[in-house]
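Breakdown of the fold
These are the residues of each chain, in order.
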Amino acid sequence: MTTESHPGLRERAAASLTAARARTAALTDAVTDADLTAQHSPLMSPLVWDLAHIGNQEELWLLRRVAGRDSMHPEIDPLYDAFEHPRAERPKLPLLGPAEARRYAAEVRGRVFDLLESTPLEGNALLDDGFAFGMIAQHEQQHDETMLITHQLRRGAPVLTAPDPDAPYDPPAASEVLIPAGPFTMGTSAEPWSLDNERPAHERETAAFWMDTLPVTNAAYRAFIADGGYGEPRWWAAAGWDQIRRHSIEAPLFWHREGGQWLRRRFGVTEPVPDEEPVLHVSWYEADAYARWAGRRLPTETEWEKAARFDPATGRSARYPWGDADPTAAHANLGQRHLRPSRAGSYPAGASPLGVRQLIGDVWEWTASDFLPYPGFRAFPYREYSEVFFGPEHKVLRGGSFAVDPVACRGTFRNWDLPVRRQIFSGFRTARDA
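Residues numbered from 1 in each chain as written. Predicted model: local features only at pLDDT ≥ 70, side-chain atom pairs only at ≥ 80, totals over all residues. Heavy atoms only, no water.

Topic: the overall build of the protein chain
Worth spelling out the cut-off: In DSSP terms, a helix is any run of H or I states spanning at least four residues, a strand is any run of E spanning at least two, and both are numbered starting from the N terminus. The contact criterion used is simple: two residues touch if any of their non-hydrogen atoms lie within 4.5 Å. With residues, only the protein chains shown are counted as cover, and all accessible areas are computed by Shrake-Rupley using a 1.4 Å probe. Here Asp and Glu are counted as negative and Lys and Arg as positive; His is not counted, and neither are the chain ends. Taken as the charge centre is NZ of Lys, CZ of Arg, CG of Asp or CD of Glu, depending on the residue.
The number of helices and strands found in the protein chain is nine helices and 12 strands. Dimensions of the protein chain, computed from C-alpha atoms along their principal axes, come out at roughly 60 × 50 × 40 Å. Once local pairs closer than 6 in sequence are excluded, the contacts in the protein chain between residues at least 24 apart make up 77%. Roughly 17100 Å² of accessible area belongs to the protein chain as shown, and the carbon and sulfur atoms make up 52% of that amount. Charge-centre separation for the protein chain: the mean point of 47 positive side chains lies 3 Å from the mean point of 60 negative side chains.

What follows is the structure, given as structure tokens:
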């Protein structure tokens, strides 16, 4: 793909960058400067760090690497290097203040739009298909999701608003779907803005297996709690059992019991836990324990992608469960249109050819798999995006959540995190051997 063969490429890049910046502004303008500079959890950076880091990465990759320009503020580069300083230490750094961070990000963006108008979107790996611009749009949206997590951890009155989901609701009759044995194409070599860990496309084979038609709901998870699931070591991996004992964990993060009822805190609002929504804010250990209790297991990453992309009628793997078309509001709950998952059973138009539902959006889904490279993996454009995280320490999540923008979500997209993480917008579904 080149600018000549795809004349809308510049427009797509500009629109993706603009949408990301509008979301960044909404997340940072909603709170006071004191909230921007505070650290709301040692697990997260101050919001003002994310704001300036977004601008710094955009300057690094587009103005310096693509355009070959000198650093605008070389003295701040170490402050916004994500590998230089752990999140817990970032409040102690001499960070740009809110007004300075906004000015810096805006100045970078103005220069980037000038660059986008004049730069050929071909000629090297960073420019082909507008990759570098797409990478930066995805990077900003990923930090927007991170900032939304910080908003969820923030204490105080609500500052974010969004309408509740109103998607078409049509619960399927079958609770699970049989995924046939055989080969399919996993990963991609053709998606122009796909990231290195999604590449290359390669053939995988699975045995037949059954997969939940829908994500596990709050009501189903509450049955696990009521049956003493958090007090029974046989359901838990050893490290998970140690984790819940040491931290006295008895329910998903942000849940608490009051007057015999389970309540949750969601972006500053306390409300009853809704039965029909997918369970949210559970760790890999909790998802794995539930699956064992239910007599099932977590799907592997390969199984998840086959259920999401494989069409048995054609034998090909599509970009999304519903086909190759970009997602719309009829397909999935994406893009922070809502501040919660939709009910399990929503978005019938988003079903995969095999009949599995809500694989994209709503909640990130834990899989059984470690985060590992595909055969033929090549780090690009830098090792620190994926390669340094490969290994058994990180588990793979798939499918995105309501907090993920479509530019950073597709059937091949891979997320990963430590199995103890619960502040992320994570849920799961289960599988079993056929």
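There's more to say after this.
Remarks on the confidence of the model for the protein chain
Where the model shows low pLDDT, its predicted coordinates should not be examined in detail. This is how the line gets drawn: The quantity known as pLDDT measures the predictor's confidence residue by residue, on a range of 0 to 100.
When pLDDT is averaged across the protein chain, the result is 96; 98% of the residues are at 70 or more. Every residue in residues 1-5 is under pLDDT 50, and counting partners more than four places away or in other chains gives 10 contacts.

Comments concerning the pattern of salt bridges
Heads up, the rule is: Counted as salt bridges are all cases of a side-chain nitrogen of Lys or Arg within 4 Å of a carboxyl oxygen of Asp or Glu.
Under the criterion given, the structure shown has 38 salt bridges. Measuring nitrogen to oxygen at the nearest pair gives 2.9 Å for the salt bridge that ties Arg64 to Asp77. In this pair, Arg64 is assigned in helix H3 (residues 47-66) and Asp77 in the loop between H3 and helix H4 (98-118), connecting sequence segments 13 residues apart. Among the charged side chains, a salt-bridge network with shared partners connects Asp164, Arg264, Arg266, Glu271, Glu277 and Arg340.

With respect to helix H7 (residues 238-246)
Inclusion rule: Exposure categories follow from relative accessible area, calculated using a 1.4 Å probe and restricted to protein chains: below 20% of the type maximum is buried, above 50% is exposed, and the middle band is partly exposed. The arc under discussion is defined with respect to the helix axis, by the directions toward the C-beta atoms.
When H7 is considered as a whole, its buried residues turn out to be Gly240, Gln243 and Ile244. Mapping the buried residues of H7 onto a view down its axis gives an arc of 90°, with all of them on the same face. In this structure, H7 carries Ala238 and Arg246 as exposed residues pointing more than 90 degrees from its buried face. As for H7, its buried residues are in contact with helix H8 (284-293). Ser248, located one to two residues past H7, shows a positive phi value of around 50°.

As for the nonpolar core
Here is the rule: Nonpolar cores were defined as sets of buried Ala, Val, Leu, Ile, Met, Phe, Trp, Tyr and Cys residues, with membership established by side-chain atoms within 4.5 Å.
One finds Phe133, Leu148, Tyr221 and Phe428 to be the most contacted residues of the largest nonpolar core, which totals 115 residues. Sort the elements by how many residues they give to this core and H3 lands first, with 11 residues. Tyr221 has contacts with Val216, Tyr230, Pro252, Val279, Val282, Glu286, Tyr290 and Phe428, leaving out every residue within four places of it along the chain.

Looking at the pairing of strand E8 (residues 364-371)
Heads up, the condition is: If DSSP finds at least two bridges between two strands, the strands pair.
Most of E8 is tucked away, with six of its eight residues classed as buried. Judged from the two bridges that link them, E8 and strand E11 (residues 426-427) form a sheet pairing that is parallel. Paired with Trp364 across the two strands is Ser426, which belongs to E11.

Re the pairing of strand E7 (residues 269-272)
Looking at chain direction, strand E6 (residues 261-266) and E7 are connected through four bridges and run antiparallel. Note on E7: the bridge partner recorded for Arg265 is Thr270. Where E6 hands over to E7, the hairpin turn is made up of two residues, of which Phe267 adopts a positive phi near 50°.

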